[in-house]
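Structural overview
Below, each chain spelled out in residue letters.
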Amino acid sequence: MAANEWTINYLPEDGGRITGKLKLTDTDLEYTGLYDSSNREVIKGIAGSLGAFAVSGGHAMYFHDTDTDFGFTLPRADVDHAELNKKGLMKQAVVHMKDGSSFVFDYGMLNPKKLIAAINN
């Protein structure tokens, strides 16, 4: 795993849990979904889940799709800030965009402070 890459769960606003990789570059936050890990869905794989992802949270403008993966890119210029959100023992990194939208990444019981610091730099 690269220094600026995390395996983390993305929590779409409309529910579910997508396990994937979040990579920070100089210009973007790039998320590549690996599989649907929510309890309410059968694991479908990338192609089978694409319809659900495309409407998740109304953020379709950020999404991209290739023949082999699904993901979305958040331009760093559009990121306002990231912050820690705790729900019991669970810790989340919440990325707030300048347009008022938010993206929630669940890190389980691990502390996402290095991820949050990297996003905010």
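Residues numbered from 1 in each chain as written. Predicted model: local features only at pLDDT ≥ 70, side-chain atom pairs only at ≥ 80, totals over all residues. Heavy atoms only, no water.

**Considering the pattern of salt bridges**
- For the structure on display, the rule yields 1 salt bridge.
- Two residues, Asp106 and Arg17, come together in a salt bridge whose shortest N-O distance is 2.9 Å. Highlighted residues: Asp106 in strand S8 (residues 102-106) and Arg17 in the loop between strand S1 (5-11) and strand S2 (18-24), separated in sequence by 89 residues. (Salt bridge = Lys/Arg side-chain N within 4 Å of Asp/Glu carboxyl O. Helix = DSSP H or I, 4+ residues; strand = E, 2+ residues; numbered from the N terminus.)

**A word on the pairing of S1**
- Of all 7 residues making up S1, 5 are buried, and the element is well covered by its neighbours.
- Both S1 and S2 contribute to a ladder of 6 bridges, which runs antiparallel. Bridging across to S2, Glu5 finds its partner in Lys23.
- Here S1 folds back onto S2 in antiparallel fashion, the turn holding 6 residues, of which Gly15 has a positive phi close to 105°.
- Summarising the sheet, S1 and S8 pair through 3 bridges and their orientation is antiparallel. (Buried < 20%, exposed > 50% of the residue type's maximum accessible area, 1.4 Å probe, protein only. Pairing = 2+ DSSP bridges.)

**Comments concerning the environment of Lys114**
- Relative to the assigned elements, Lys114 resides in helix H2 (residues 113-120).
- Residues Lys114 and Asn4, 110 residues apart in the sequence, show an inter-C-alpha distance of 9.4 Å.

**Here we look at the nonpolar core**
- Of all hydrophobic cores here, the largest spans 22 residues; its most connected members are Val95 and Phe105.
- Taken together, the elements giving at least two residues each to this core come down to S1, S2, strand S3 (28-36), strand S5 (70-75), strand S6 (79-87), strand S7 (90-97), S8 and H2.
- Once you skip the residues sitting within four places of it in the chain, Val95 turns out to touch Leu29, Leu74, Val79, His81, Ala82, Ser101, Ser102, Phe103, Phe105 and Ile119. (Core = buried A, V, L, I, M, F, W, Y, C linked by side-chain atoms within 4.5 Å. Contact = heavy atoms within 4.5 Å.)

**Considerations on a nonpolar patch on the surface**
- On the surface, Leu89, Met90 and Met109 cluster together into a nonpolar patch covering about 330 Å² of accessible area.
- Among the residues examined, Leu89 registers a relative accessible area of 60% and is labelled exposed. (Patch = residues over 30% accessible without salt bridge, like charges linked within 9 Å, V, L, I, M, F, W, Y side chains within 5 Å. Areas by Shrake-Rupley, 256 points an atom, 1.4 Å probe, with all protein chains shown as cover.)

**What about H2?**
- Residues of H2 that are buried include every one of Leu115, Ile116, Ala118 and Ile119, and no others. Down the axis of H2, the buried set is contained in an arc of 160°. They therefore lie on one face. Exposed side of H2, more than 90 degrees from the buried face: Lys113 and Lys114 are the residues found there.
- In this fold, the buried residues of H2 make contact with S1, S2, S3, S6 and S7. (Arc of directions from axis to C-beta.)

**Let's talk about the packing of aromatic side chains**
- Considering all chains together, one arrives at 8 aromatic pairs under this definition.
- An angle of 55° between the planes, with centres 5.9 Å apart, marks the rings of Tyr10 and Tyr31 as tilted. Here the residue Tyr10 occupies a position in strand S1, and Tyr31 occupies one in strand S3, the gap between them amounting to 21 residues.
- By relative accessible area, which is 3% here, Tyr10 ends up buried.
- On the basis of relative accessible area, Tyr31 is assigned to the buried category, the value being 1%.
- Taken together, Tyr10, Tyr31, Phe72, Phe103 and Phe105 form an aromatic cluster joined through their ring pairs. (Phe/Tyr/Trp six-rings, centres within 6.5 Å; stacked < 30°, edge-to-face > 60°.)

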